[in-house]
Amino acid sequence: MKIAVLPGDGIGTEIVAEAVRVLQTLDLKLEMETALVGGAAYAAYGHPLPDSTLTLAKQADAILFGAVGDWKYDTLDRPLRPEQAILGLRKNLGLFANFRPAICYEQLVGASSLKPELIAGLDILIIRELTGDIYFGQPRGRRTATDGHFPGAEEAFDTMRYSRPEIERIAHVAFQAARKRNKKVTSVDKANVLETFQFWRDVVTQVHAEYPDVELQHMYVDNAAMQLVKAPKAFDVVVTGNMFGDILSDEASMLTGSIGMLPSASLNSTNQGLYEPSHGSAPDIAGKGIANPLATILSAAMMLRFSLNQEEAAQRIEAAVQKVLQQGLRTADIYSAGTTRVSTREMGDAVVKAL
Ligand code: IPM
Ligand code: MG
């Protein structure tokens with residue numbers, strides 16, 4: 001089982017180091033190879049996703065990814081910015097299905113900004129389409145407007161588009177996932193305004209005909225944003241496009257107490273996957289040793305489950321995370337009075353020990 005380890009920038013290196021130690025503690029034959037990605041790769045090779053890194057990722061069964069991005073690269077031309085590395089990996093490996101489970105651990109009910117009764121027992125799964133939509137749609141760019149409100153003015157544009165097969169395959173992923181859970185899918189769109197998302201709604205409805213045992217609900221994205229903080233437990237599986245999924249998954253992370261707790265899996269049609277925390281590189285706290293490594297450690301558990309077929313090892317990691325939370329250990333983002341504040345490294349140590 002070969003794992004490409006791509007720590008990236010900012011806190012990426014700190015949190016991935018802990019996840020790697022957790023993986024090494026398991027009694028599994030894992031071959032891990034590390035490479036630079038994002039701003040770190042740009043600094044070393046002049047490109048955020050060098051060929052060598054992409055080749056390593058393609059050859060691996062799974063990729064453990066940290067985070068990319070740093071303010072100092074924000075003024076580079078877009079193709080050279082760190083974010084292009086993760087977008088390039090998603091596109092090149094065809095990682096179209098992004099799973100972002102938002103689970104509120106009993107021990108962290110108090111860490112959320114929402115009322116405990118709203119989130120206690122929360123277990124929802126956001127499935128975000130990851131290789132289409134306005135993120136990748138062509139054409140895009142800048143030009144001089146020839147029509148619109150200000151003909152002759154400088155303007156910028158992106159293209160929102162989805163093809164039938166793209167919607168069909170993510171809809172199948174969502175219905176199949178729901179079958180293993182509470183059999184309810186909420187498809188989030190903006191069909192009242194956007195052509196792309198009326199089509200999305202039509203195609204999802206057609207695919208649903210193959211899953212009569214699963215309940216399907218359609219919801220506009222603005223309402224979904226509201227319902228997520230009003231009655232989050234009413235959701236089971238949420239399926240949506242790339243852009244809406246980006247936004248709603250950050251919102252959902254706050255239901256769990258901290259985005260530092262939210263893992264993710266991005267899979268292609270052969271179950272090769274990239275596993276990363278849903279949060280970013282947090283350059284403001286990088287190097288301080290205070291970042292929460294649990295989202296990355298939980299992402300490693302998802303990797304064992306989905307790409308490496310090691311369900312038992314995945315459950316061991318998840319139980320170990322529960323155990324350290326039970327012991328009252330908290331990184332700064334989930335700290336509350338009466339618990340013990342620990343560093344990134346100490347949290348990793350505790351999970352290793354619990355294993
Ligand atoms: C995410 C991130 C990325 C995205 C960025 C870093 C390109 O926000 O994985 O949610 O927008 O998809
Ligand atoms: Mg995001």
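Draft legend 1. Highlighting the overall build of the chain. Secondary structure assignment for the chain yields twelve helices and 14 strands. Over its C-alpha trace the chain gives a radius of gyration of 20 Å, about what one expects of a compact globule, namely 20 Å for 355 residues. Principal-axis analysis of the C-alpha atoms gives the chain an extent of 60 × 50 × 40 Å. When contacts within the chain are restricted to residue pairs at least 6 apart in sequence, long-range pairs at least 24 apart make up 74% of them. Taken as a whole, the chain presents about 15,500 Å² of accessible surface, with 51% of it coming from carbon and sulfur. Taking the average place of the 35 positive charges on the side chains of the chain and the average place of its 42 negative ones, the gap between the two points comes to 3 Å.

Draft legend 2. Representation of the domain arrangement of the chain in the model. Assigned domains within the chain: domain 1 (1-95 + 268-355) and domain 2 (97-261). The distance between the C-alpha centroids of domain 1 and domain 2 comes to 23 Å. Contacts between domain 1 and domain 2 engage 19 residues on the former and 19 residues on the latter. In total, about 1,900 Å² of surface goes out of reach between domain 1 and domain 2, with carbon and sulfur atoms giving 62% of it. At the boundary of domain 1 with domain 2, the tally comes to six residue pairs in polar contact (both at pLDDT 80 or more). At the level of secondary structure, the elements contributing two or more residues to the side of domain 1 that touches domain 2 comprise helix H4 (83-92), helix H10 (294-306) and helix H11 (311-326). Per-element tally for the side of domain 1 that touches domain 2: the top contributor is H10, with four residues. Here the side of domain 1 that touches domain 2 is built from residues that sort into eight nonpolar, six polar and five charged.

Draft legend 3. Looking closely at the environment of Asp70. In this fold, Asp70 is placed in the loop between strand S3 (62-67) and H4. Considering only alpha carbons, one finds Asp70 and Leu114, 44 residues apart in sequence, at a separation of 30 Å. With residues up to four places along the chain from it excluded, the contact list for Asp70 reads Pro82, Ser281 and Pro283.

Draft legend 4. A look at unusual backbone geometry. Residue Pro139 is bonded to the preceding Gln138 through a cis peptide linkage, with omega at 0°. Assignment of secondary structure puts Pro139 in the loop between strand S5 (123-129) and strand S6 (141-144). Notably, Asp133 is not glycine yet its phi reads approximately 70°, a positive angle. One can find Asp133 in the loop between S5 and S6. Of note in this structure, Asn309 is not a glycine but carries a positive phi near 60°. Relative to the assigned elements, Asn309 resides in the loop between H10 and H11. Asn309 gets classed as exposed once you look at its relative accessible area, which sits at 68%.

Draft legend 5. Inspection of helix H7 (residues 195-208) at higher detail. For H7, with 14 residues, the first-to-last C-alpha span of 20 Å sits near the 20 Å given by 1.5 Å per residue. Of all the positions in H7, only Thr196, Phe197, Trp200, Arg201, Val203, Val204, Val207 and His208 are classed as buried. Those residues of H7 that are buried are in contact with S5, helix H6 (164-179), strand S8 (184-189), strand S9 (215-220), strand S10 (237-240) and helix H9 (242-253).

Draft legend 6. Highlighting the packing of helix H8 (residues 221-230) against H9. Interaxial distance between H8 and H9 falls to 10 Å at its minimum, and their mutual angle equals 15°. Regarding the angle of H8 to H9, the classification is roughly parallel. The chirality of how H8 crosses H9 is right-handed. For the pair H8 and H9, contact is made by Val221, Ala224, Ala225, Leu228 and Val229 and by Phe244, Leu248 and Glu251, respectively. Among the residues forming the contact of H8 with H9, the class breakdown is seven nonpolar, no polar and one charged.

Draft legend 7. A look at the environment of Phe136. Along the chain, the position of Phe136 falls in the loop between S5 and S6. Given the relative accessible area of 15%, Phe136 is considered buried. Distance from Phe136 to Asn242, taken between C-alpha atoms, is 9.4 Å for residues 106 residues apart in sequence. Look past the residues within four positions of Phe136 in its chain and what remains in contact with it is Leu87, Lys91, Leu130, Thr131 and Asn242.

Draft legend 8. Region of interest: the nonpolar core. Core analysis: the largest hydrophobic core is formed by 84 residues, its most contacted members being Leu23, Leu64, Phe99, Ile127, Phe175 and Val185. Viewed by domain, this core spans two of them, domain 1 (1-95 + 268-355) and domain 2 (97-261), each represented by three or more residues. Counting residues in each nonpolar core, the second largest holds 18 residues, with Ala4, Leu6, Ala57 and Ala60 among its members.

Reading the values: rules and limits
Residues numbered from 1 in each chain as written. Chains lettered and ligands numbered in written order. Predicted model: local features only at pLDDT ≥ 70, side-chain atom pairs only at ≥ 80, totals over all residues. Heavy atoms only, no water. Helix = DSSP H or I, 4+ residues; strand = E, 2+ residues; numbered from the N terminus. Rg over C-alpha atoms; globule rule 2.2 N^0.38 Å. Contact = heavy atoms within 4.5 Å. Areas by Shrake-Rupley, 256 points an atom, 1.4 Å probe, with all protein chains shown as cover. Lys, Arg positive; Asp, Glu negative; His and termini not counted. Charge placed at Lys NZ, Arg CZ, Asp CG, Glu CD. Domains from an automatic or database assignment. Buried area = accessible area lost by both parts, 1.4 Å probe. Polar contact = N/O pair within 3.5 Å; in protein donor to acceptor, adjacent residues only side chain to side chain. Nonpolar A, V, L, I, M, F, W, Y, C, P; charged D, E, K, R; others polar. Buried < 20%, exposed > 50% of the residue type's maximum accessible area, 1.4 Å probe, protein only. Expected span 1.5 Å × (residues − 1). Axes fitted to C-alpha atoms, helices over the stretch in contact; angles between N-to-C directions. Parallel < 35°, antiparallel > 145°, perpendicular 65-115°, else oblique. Left-handed = near helix turned anticlockwise from the far one by under 90°. Core = buried A, V, L, I, M, F, W, Y, C linked by side-chain atoms within 4.5 Å.

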